[in-house]
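Listed below are the residues making up each chain.
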Amino acid sequence: MMRSVATDIIVPRFRTLAAHEIADKGAGEIVTSADHDSEAALRDGLARFDPGTRIVGEEACEAEPGLLDDIGSGRVWLIDPLDGTANFAAGREPFGMMIALVEDGVPIAGWMLDPVSGRLCAAVRGEGATIDNAPVRVQPQDRPLPVASLGTQFMDVERRTAVHAAVETAFVLEAIPRCAAESYPRLVLGRNDVALFQRILPWDHAPGALFLTEAGGVATHWDGAPYRVGSPSTGILLANSGKAYDRLRNALPLSLLPTVSHQD
């Protein structure tokens, strides 16, 4: 289903969007016709596949924020129809599509598709992670300093500067790709060793956190609690090994992190 939606809706509009197909969502966010049409197609496909199960998509929540109420309860399909929309609208990669199945806040299955390359990252809770159907495990690299990618764009300038300065004492910093569907594969495949995000909208992280942990990595909230959709805990810390995770926790005092994680 994801591949057909990518082929029919996403890829044909890459670098061909007209001005009227791009709209401002506010707070520096944009949305395109491809986001809306992809979500509708994915929602309809999931409804046919699993009738009766709640489906929550990013664009539906933009129109009706109450859809996020009790997101950590029951069985829910989460849809990010076009992750990395700003990249997509600017005619550059990466961007992706993400779907997760969550039960009582716990991700139990997830998929992340790169529409251009066709790479499909998937995971099922307790059954491991795959890329294009081949099992995959985290691949930590042996290098002088591990690499960190920090999603701090929603922090105020003073705090963001302090966080980056602290992490830079123990890591090389690499800019985030502004696409969670790319951030998580980078962790598993060894390009990045750790990552941090303040905003943890459920469709952005449920499939990736499952993919990372099923591949042998670590995903927690800032307070160390396991990642969970709808958790009252804030932020998310990610690492491709326990060693890298501990190095990040030691380099980054929790007092530097804001108490708001931008979950809405």
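Structural data are supplied above this passage.
For clarity, every value in this text was computed on a predicted model and none was experimentally measured.

1. Digging into the sheet that holds strand 11 (residues 172-173)
So, step 1. In space, the five strands of this open sheet follow the order 11-10-12-14-13, with mixed pairing throughout. Looking at which strands have only one partner, the edges of the open sheet turn out to be strand 11 and strand 13 (218-220).
So, step 2. Here helix 7 (residues 202-214) sits on the sheet in contact with strand 12 (194-197), strand 13 and strand 14 (236-239), set at roughly 140° to strand 13.

2. A word on the side chain of Glu182
So, step 1. If you trace the backbone, Glu182 turns up in helix 6 (residues 180-189).
So, step 2. Overall, the relative accessible area of 13% leaves Glu182 in the buried class.
So, step 3. Within polar-contact distance, the side chain of Glu182 engages the side chain of Arg119 at 3.0 Å.
So, step 4. Dropping the residues within four chain positions of it, Glu182 is found in contact with Pro94, Arg119 and Pro177.

3. Description of the layout of surface pockets
So, step 1. The computed volume of the largest pocket comes to approximately 550 Å³.
So, step 2. Taken together, 26 residues make up the lining of the largest pocket; nearest its centre are Glu29, Gln153, Phe154, Arg178 and Arg199.
So, step 3. Elements supplying a minimum of two residues to the lining of the largest pocket: strand 2 (29-32), strand 4 (75-83), helix 4 (85-89), helix 6 and helix 7.

4. Quick notes on the packing of aromatic side chains
So, step 1. Counting across every chain of the model gives five aromatic pairs.
So, step 2. One aromatic cluster in this structure is built from Phe14, Phe88 and Phe95.
So, step 3. The positively charged end of Arg247 is found above the aromatic ring belonging to Phe171, 5.7 Å away from the centroid.

5. Description of the packing of helix 1 (residues 2-10) against helix 2 (residues 33-49)
Think of two packed helices as two axes; the pair is described by the angle between the axes and how far apart they sit.
So, step 1. Two elements in contact, helix 1 and helix 2, have axes separated by 10 Å at closest approach and are oriented at 150°. Relative to helix 2, helix 1 is oriented roughly antiparallel. In this structure, helix 1 crosses over helix 2, and the sense of that crossing is right-handed. Of the residues in helix 2, those touching helix 1 at Met2, Val5, Ile9 and Ile10 are Ala34, Asp37, Ser38, Ala41 and Leu42.
So, step 2. Looking at the contact of helix 1 with helix 2 residue by residue, the class counts come to seven nonpolar, one polar and one charged.

What counts as what
- Residues numbered from 1 in each chain as written.
- Predicted model: local features only at pLDDT ≥ 70, side-chain atom pairs only at ≥ 80, totals over all residues.
- Heavy atoms only, no water.
- Pairing = 2+ DSSP bridges.
- Helix = DSSP H or I, 4+ residues; strand = E, 2+ residues; numbered from the N terminus.
- Contact = heavy atoms within 4.5 Å.
- Axes fitted to C-alpha atoms, helices over the stretch in contact; angles between N-to-C directions.
- Buried < 20%, exposed > 50% of the residue type's maximum accessible area, 1.4 Å probe, protein only.
- Polar contact = N/O pair within 3.5 Å; in protein donor to acceptor, adjacent residues only side chain to side chain.
- 1 Å grid on protein atoms, 1.4 Å probe; cavity = no way out; pocket = protein on both sides within 12 Å on 5 of 7 lines; lining within 4 Å.
- Points joined across faces, edges and corners; volume = space filled by probe spheres on them.
- Phe/Tyr/Trp six-rings, centres within 6.5 Å; stacked < 30°, edge-to-face > 60°.
- Lys NZ or Arg CZ within 6 Å of the ring centre and 35° of its normal.
- Parallel < 35°, antiparallel > 145°, perpendicular 65-115°, else oblique.
- Left-handed = near helix turned anticlockwise from the far one by under 90°.
- Nonpolar A, V, L, I, M, F, W, Y, C, P; charged D, E, K, R; others polar.

Honestly, it's all geometry; don't read function into it.
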